[in-house]
Every structure is written in structure tokens, then in C-alpha cells.
Amino acid sequence: MEYIIETEDLHFRYSDDEQWVLKGIDLKIGKGEFVAVLGHNGSGKSTLAKHFNAILLPTKGKVTVNGIDTADEEKLFELRQSAGMVFQNPDNQIVSSVVEEDVAFAPENLGVPYEEMRRRVDEALKSVGMYEYRLHSPSQLSGGQKQRVAIAGIIAMHPECIILDEPTAMLDPQGRREVMETVTKMNREYGVTIILITHYMDEAAKCGRVVVMDKGRIILDDRPEKVFSQVETLKKIGLDVPQVTELAWELRRAGYDISPEIITEEECAAALEKLIKQSGHGNSS
Amino acid sequence: MLRDITIGQYFPGESIIHRLDPRFKIVLTILFIVMVFTGDKFICLSVGAVFTVLVILLSGIKIKMFLKTLKSLLPLMLLTVLLNLFFIKSGDVLWQWKFLKITSEGVDISIFMIVRISLLLMGTSVLTYTTSPITLTDAVERLLSPLKKLRFPVHELAMMMSIALRFIPTLIEETDKIISAQKARGAEIDSGSFMARAKNLISILVPLFVSSFRRADELATAMECRCYNGGAGRTRLRQLRSAPRDYIALAVTLIFLAAAIVLNIM
């Protein structure tokens with residue numbers, strides 16, 4: 001597999017007399033993957049994300065993005081173009097008072113010629129479903145819509161990888177759904193690598209791979225079913241599991257025969273149905 | 001209460017005034033200001049008045065909006081009137097009480113000033129009412145671009161202006177939120193003596209400033225992440241092109257200006 005992001009023994013601290021925030025991260029993310037990074041507040045997940053497009057540079061170790069060392073200042077723009085970043089507060093990343101001009105901000109900075117820029121902006125807005133709003137002012141939009149505009153602003157750079165740092169933390173359930181649908185679509189239809197920093201378990205459950213961080217280290221890294229079946233480990237570091245996984249886990253503890261790898265409501269419903277049918281047979285016989 | 005601010009507001013539309021090249025609009029506005037200030041006779045001001053009415057009608061924006069703008073600057077106008085009424089001593093005395101004296105010339109000049117200020121306000125409002133702030137900034141940037149040779153930071157200035165404009169609604173919303181939050185904690189924002197109110201304002205301004213700095217920091221990071229590197233080598237989505245109508249508008253304005261000057265000399 002070709003890797004888009006590789007970190008080697010990544011250590012980071014803000015200054016020499018402070019504690020290490022990241023304590024040796026070795027992570028490889030392949031092209032086209034959809035990865036969630038989970039962790040409690042202060043686990044270092046946002047700090048790690050900031051290393052992926054050189055907002056922060058490693059104190060020790062190395063980060064390579066698309067073959068470029070993030071410490072290489074000469075290739076900074078090339079790097080930031082291939083790894084776009086979406087932040088938590090949509091208000092603080094929208095630059096312009098017109099939606100389409102905000103989306104054009106990055107291409108403008110990159111000196112993309114007019115015709116090409118027009119095409120990219122329209123395409124990006126269509127892909128996040130905000131094309132009808134292109135002439136609106138961001139202040140007229142809902143949180144979810146603003147965040148989709150912010151995502152379009154990154155897509156217009158044609159990145160290979162998008163890093164989203166808790167993009168849904170400030171949104172209502174409707175907005176969260178909109179953003180998650182957009183991100184999933186980017187990954188499936190356009191093959192963009194997605195790294196989603198989140199503390200929502202149900203969002204992580206939708207990803208192809210979940211990386212769990214605690215105290216600056218990676219403690220779990222696997223498919224979501226495998227990660228969430230480790231209910232005790234997750235609870236110990238203060239994380240929850242999706243409600244259905246917890247239900248299955250409680251049922252198992254109570255002695256029922258149910259798979260620990262349940263992460264979606266459909267899977268849970270099916271498993272419960274099976275369980276009830278089995279016990280129904282048990283009673284009648 | 002904060003949403004009633006009309007100065008600097010933009011009303012989208014498709015009128016001929018809306019469609020003029022913003023660079024021309026700025027130049028026309030400057031010519032208009034000259035037109036209003038050039039003379040000291042009513043006849044000359046009337047040219048400016050006709051021009052203002054014409055432009056307002058063409059813009060298709062409700063007269064009500066312009067009157068609202070005037071209303072918001074009423075205190076300033078009253079002050080001008082008072083100063084002129086009582087401090088101009090020449091002309092026939094109409095009314096006197098102790099050292100206060102109103103003369104016919106004072107009245108004339110007061111009326112003249114009121115009309116002048118009103119025209120000025122309404123005429124210049126047309127610029128902001130019919131041009132989106134971002135286009136306006138763009139136009140300023142391009143009009144000033146020759147100054148780049150003198151190392152004047154034109155692009156940076158325009159970027160600051162457009163970011164400021166972008167954040168006005170956000171900060172108004174935030175201020176509303178802070179006011180509500182402080183009220184919920186028992187702060188009395190709208191009552192009390194002037195001093196008490198001024199003091200209460202601190203409880204709004206401090207959180208507002210703190211959050212603005214945080215916003216500025218985050219925005220700067222977000223801009224860097226989108227490869228912002230100053231003005232060099234940037235291309236633009238918004239293209240400004242002048243059309244024949246811009247030159248016609250310029251010609252009409254120049255004719256009005258000439259008329260004002262000629263009438264003033266006559």
C-alpha cells in the first residue's frame with residue numbers, strides 16, 4: 001500500500017521545560033483510507049493532526065506527507081496543498097463574505113488561472129452540495145452549511161488528504177450528519193484520504209480504521225469493530241463506546257451469546273432478533 | 001438592537017447602479033462629494049440634490065432606507081445646526097436672549113448645512129447600499145494599486161478590510177450572546193446611570209476582545225493552511241471589467257459637477 005502520511009517516532013513538546021505531548025507516534029496512513037483518531041481531551045490527538053500539515057513540527061522524529069518531510073520549508077505550500085485541514089469552528093476559517101469567494105481563497109493563493117479557478121470552485125461547491133448558496137454570505141448559513149463551505153474551500157485545492165480536527169464539535173445533530181455525509185462522499189467518490197479527529201464514537205464507527213490515543217501514545221489501531229470490542233480498555237481511558245456496542249457488551253457480561261464486534265444499530269438489531277428467537281425456542285422446547 | 005445599523009449595509013439588486021464597475025462608483029462618489037462641497041449657494045446645492053434623487057431612483061432601493069441612515073446621524077446634524085445657529089453673528093437679528101442670538105444668516109447657513117449633510121449621507125450611502133463590501137474592498141485595492149510601487153501595503157490593507165467586514169456579523173452575533181449571558185448572570189446592561197452603564201460595558205467588551213483574539217489566531221492558522229502567502233502571485237476569482245455604461249455614468253456625473261461649478265460662479 002502506498003502511504004500518504006507516515007510518522008516515525010514522533011515526539012513533540014511545546015517547550016523544553018514542558019511535558020511531552022506526543023511520546024513516540026509511529027503511524028502509517030495509506031492513500032484513500034478513512035481513519036478516525038479518537039481520544040480524550042489532552043490525549044494529543046489535535047496536536048498530532050497539526051503535524052500532518054506542518055502547523056507544528058516534530059521536536060524529535062519525523063513526519064512525511066506525500067513524500068515530503070514536513071520540516072522542509074521550501075515545500076511548505078506543496079505540502080499544505082496535498083494535505084488540507086478543516087478546523088472545529090467554521091466561523092474562524094471562513095475568510096470572505098461571499099461563499100464562492102471563500103472557496104476560491106486557496107486557488108487564488110496558489111495563483112490558479114481564472115477559468116481553472118471558476119471550474120474548481122463550482123465543482124467543489126457542488127460536491128459538498130452548497131452550489132445554490134454560492135452567492136450567499138456565510139453569516140446567513142447554518143453551522144453545518146458553514147462547515148461544508150470550509151470543506152469545499154479545502155477541496156478546491158485538490159488535496160489528496162483532508163484532515164478534519166473535530167469538525168462537528170460545534171454543530172447540532174443535523175449539521176453533524178451533513179458534515180459526516182460530505183466527508184464520507186469525499187472518501188468514497190473522490191478517493192480522498194480522510195483523517196477525522198473526533199471524540200464522537202458513532203462518527204468513528206463509520207470509519208474504516210480507528211486509531212485511539214491516550215496520553216500522547218497510540219494504544220489501539222484497528223478496524224472499528226475490533227477497537228470497540230475492547231470496551232474495558234476504552235472505558236479505562238475515559239472513552240465511551242457506541243451505545244449498541246455497550247449494550248452488546250453488557251449482554252455478554254450477563255452471559256448471553258452475542259458478538260462483541262457490533263457497532264451499528266442494524267447489526268445490533270439483527271443480533272438481538274437472533275438472540276430473542278433463540279431464547280424463544282428455548283422456552284417452547 | 002445591534003441589528004438596526006444601516007450604515008455600510010448592502011442591499012443586493014440588479015439595478016444599473018448595482019451593475020456599475022465598483023472602481024467607477026468610488027470615483028463617481030468622490031466627484032459627487034466635490035459637487036456637494038464646491039459651492040456655497042442653494043442653487044448649486046440643488047444640482048447635487050437632483051443628482052442624488054436621480055441616483056436613488058435609479059438604484060431601486062427604498063427611500064425609507066436612506067431616511068433611516070439620516071435618522072441615525074440626527075444627533076450630529078442637530079449639533080451642526082446648533083453651532084451654526086448660535087455662533088454666526090452676522091445678518092439681521094431674529095431672536096435674542098442674553099448672550100444667545102439667532103440671525104437670519106445663521107438660519108440660512110443652518111438649513112444649507114442640513115441639506116448638504118443629508119445629500120452627502122444619502123449620496124454616499126448609494127455606494128455602500130449597491131456595492132457588496134467585498135467588491136468595494138476589491139475596487140479600493142485596484143484603485144490604490146499604483147501605490148504598491150511606493151511600497152504601500154495595498155493588498156494587506158484590502159485583506160484587513162475584507163476580513164473586518166467578514167467578521168462584523170459574526171462579532172455582532174457574539175456581542176448579542178455575551179449580553180444575554182451577562183444578563184443571565186444579573187448584569188444590568190440597559191439601566192442605571194451613565195457611569196454604571198459604561199462600567200457594565202466592560203463586562204461585554206472584555207470577553208468580546210478575548211474571543212476576537214482567539215478568532216484572529218485561528219483564522220491566521222486556517223489562512224496559512226490554505227497557502228496564503230501575501231499578495232504576490234495571487235489570482236482573483238472576481239474579475240472587474242468596465243463597460244460602456246461606466247463611461248456614460250462618468251460623463252453624466254462630470255456634467256452635473258460642471259453645472260454645479262458654473263452655477264456657483266454665476
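None of these values were measured; they are calculated from a predicted model.

Caption draft 1: Inspection of the overall build of chain B at higher detail. In terms of helices and strands, chain B carries ten helices and two strands. Tracing chain B from N to C terminus, the helices and strands come up as α-α-α-α-α-β-β-α-α-α-α-α. The C-alpha atoms of chain B give 23 Å as radius of gyration, which overshoots the globular expectation for 266 residues (18 Å, by more than 25%). By its C-alpha atoms, chain B is 70 × 60 × 40 Å across when sized along the principal axes. Across the 266 residues in chain B, those meeting the buried criterion constitute 38%. Of the contacts formed within chain B by residues at least 6 apart in sequence, a portion of 73% connects residues at least 24 apart. Here chain B has roughly 15,400 Å² of accessible surface; of this, 70% comes from carbon and sulfur atoms.

Caption draft 2: Structural detail: a nonpolar patch on the surface. All names here are of chain B. Where nonpolar side chains cluster on the molecular surface, the patch consists of L147, L150, F152, L157 and M160 and spans about 460 Å² of accessible area. Along the polypeptide, M160 turns up in helix α8 (residues 154–184). Judged by its relative accessible area of 53%, M160 is exposed.

Caption draft 3: The arrangement of the domain arrangement of chain A in detail. Domain boundaries in chain A define domain 1 (3–224) and domain 2 (242–285). Centre-to-centre, using C-alpha coordinates, domain 1 of chain A lies 36 Å away from domain 2 of chain A.

Caption draft 4: Spatial organisation of the interface of chain B and chain A. Chain B puts 28 residues into the contact, and the matching count from chain A is 37 residues. Carbon and sulfur atoms supply 56% of the area that chain B and chain A bury against each other, a total of about 2,900 Å² over both sides. The largest share of the area that chain B buries against chain A comes from B:R166, B:R226 and B:L237, three residues that together contribute 31% of it. Linking chain B to chain A there are six salt bridges. Linking chain B to chain A there are 15 residue pairs in polar contact (both at pLDDT 80 or more). Taken together, the elements giving at least two residues each to the side of chain B that touches chain A come down to α8 and α9 (194–225) of chain B. Taken together, the residues of the side of chain B that touches chain A break down into 13 nonpolar, seven polar and eight charged.

Caption draft 5: Molecular detail of the domain arrangement of chain B. All names here are of chain B. Domain boundaries assigned for chain B yield domain 1 (1–131 + 239–266) and domain 2 (132–235). Facing the 13 residues of domain 1 at the interface are 13 residues of domain 2. For the pair domain 1 and domain 2, the summed buried surface comes to about 1,200 Å²; carbon and sulfur atoms form 77% of the total. Run the count over domain 1 and domain 2 and you get zero residue pairs in polar contact (both at pLDDT 80 or more). Those elements that provide at least two residues to the side of domain 1 that touches domain 2 are α2 (22–38) and α6 (104–130). Here the side of domain 1 that touches domain 2 takes four residues from α2, the largest share from any one element. For the side of domain 1 that touches domain 2, the residue count by class is eight nonpolar, three polar and two charged.

Calculation criteria
Residues numbered from 1 in each chain as written. Chains lettered and ligands numbered in written order. Predicted model: local features only at pLDDT ≥ 70, side-chain atom pairs only at ≥ 80, totals over all residues. Heavy atoms only, no water. Helix = DSSP H or I, 4+ residues; strand = E, 2+ residues; numbered from the N terminus. Rg over C-alpha atoms; globule rule 2.2 N^0.38 Å. Buried < 20%, exposed > 50% of the residue type's maximum accessible area, 1.4 Å probe, protein only. Contact = heavy atoms within 4.5 Å. Areas by Shrake-Rupley, 256 points an atom, 1.4 Å probe, with all protein chains shown as cover. Patch = residues over 30% accessible without salt bridge, like charges linked within 9 Å, V, L, I, M, F, W, Y side chains within 5 Å. Salt bridge = Lys/Arg side-chain N within 4 Å of Asp/Glu carboxyl O. Domains from an automatic or database assignment. Buried area = accessible area lost by both parts, 1.4 Å probe. Polar contact = N/O pair within 3.5 Å; in protein donor to acceptor, adjacent residues only side chain to side chain. Nonpolar A, V, L, I, M, F, W, Y, C, P; charged D, E, K, R; others polar.

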